[in-house]
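Next come the chains, spelled out residue by residue.
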Amino acid sequence: MIQLKTMLNCIDNSGATIVECVANLRMKRHGKVGDRIIVVVQKSRSMGDGGPGATSAAAANKVRRGDIRHAIIVRTAKKYQRKDGMVVRFDDNACALIGKNGEPLGTRINGVVGAELRNKQQSKILSLASMHV
């Protein structure tokens, strides 16, 4: 259950590590796996010095602290029951940043994502993830 002010881990390589939910696009309900939310980047990976010898990792950071972005919820700590009766619970709340058109900002997804993304037409995130449950 992701609601206003919930802190989430960002599991892609877009440059953000911790984000805070500021709006749920489902309006009156809490967010679940596969829902789209609006987040503010609270903590980002170090950008480096940015000089002429900047590494590709520093150039790959697409977001900075304070940026407002769209995201897709990929894991929730609250357990939920699937249609087949299986109960799923993850260790943390996590999301992947996306653009306004729905394409992921990062090129990699680190960690496990929920299989509910398949029903929400987020197959691009599923293909980037190492494993889905």
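Rules behind the numbers
Residues numbered from 1 in each chain as written. Predicted model: local features only at pLDDT ≥ 70, side-chain atom pairs only at ≥ 80, totals over all residues. Heavy atoms only, no water. Core = buried A, V, L, I, M, F, W, Y, C linked by side-chain atoms within 4.5 Å. Buried < 20%, exposed > 50% of the residue type's maximum accessible area, 1.4 Å probe, protein only. Helix = DSSP H or I, 4+ residues; strand = E, 2+ residues; numbered from the N terminus. Contact = heavy atoms within 4.5 Å. Polar contact = N/O pair within 3.5 Å; in protein donor to acceptor, adjacent residues only side chain to side chain.

## Regarding the nonpolar core
Across soluble globular proteins, you tend to see nonpolar side chains buried next to one another.
1) Next: Counting residues in hydrophobic clusters, the biggest one holds 15 residues, and the most contacted among them are Leu 8, Ala 16, Val 19, Ile 37 and Leu 97.
2) Next: Counting residues per element, the ones that place at least two in this core are strand 1 (7-10), strand 2 (16-24), strand 3 (36-44), strand 4 (68-75) and strand 7 (94-98).
3) Next: Not counting residues up to four positions away in its chain, the partners in contact with Ile 37 are Ile 2, Leu 8, Cys 21, Ala 23, Asn 24, Arg 69, His 70, Ala 71 and Ile 73.
4) Next: Ile 11, Ile 72, Leu 126 and Ala 129 belong to the second largest nonpolar core, which has 12 residues in total.

## Remarks on the environment of His 70
1) Next: Looking at the secondary structure, you find His 70 in strand 4.
2) Next: Residue classification places His 70 among the buried residues on the basis of a relative accessible area of 16%.
3) Next: Each C-alpha atom, one on His 70 and one on Val 40, is 8.8 Å from the other, the two residues being 30 residues apart in sequence.
4) Next: Excluding residues that lie within four positions of it along the chain, His 70 makes contacts with Leu 25, Arg 36, Ile 37, Ile 38, Leu 97, Ile 98, Gly 99 and Lys 100.
5) Next: Reaching out from His 70, the side chain makes a polar contact with the side chain of Arg 36 at a distance of 3.2 Å.

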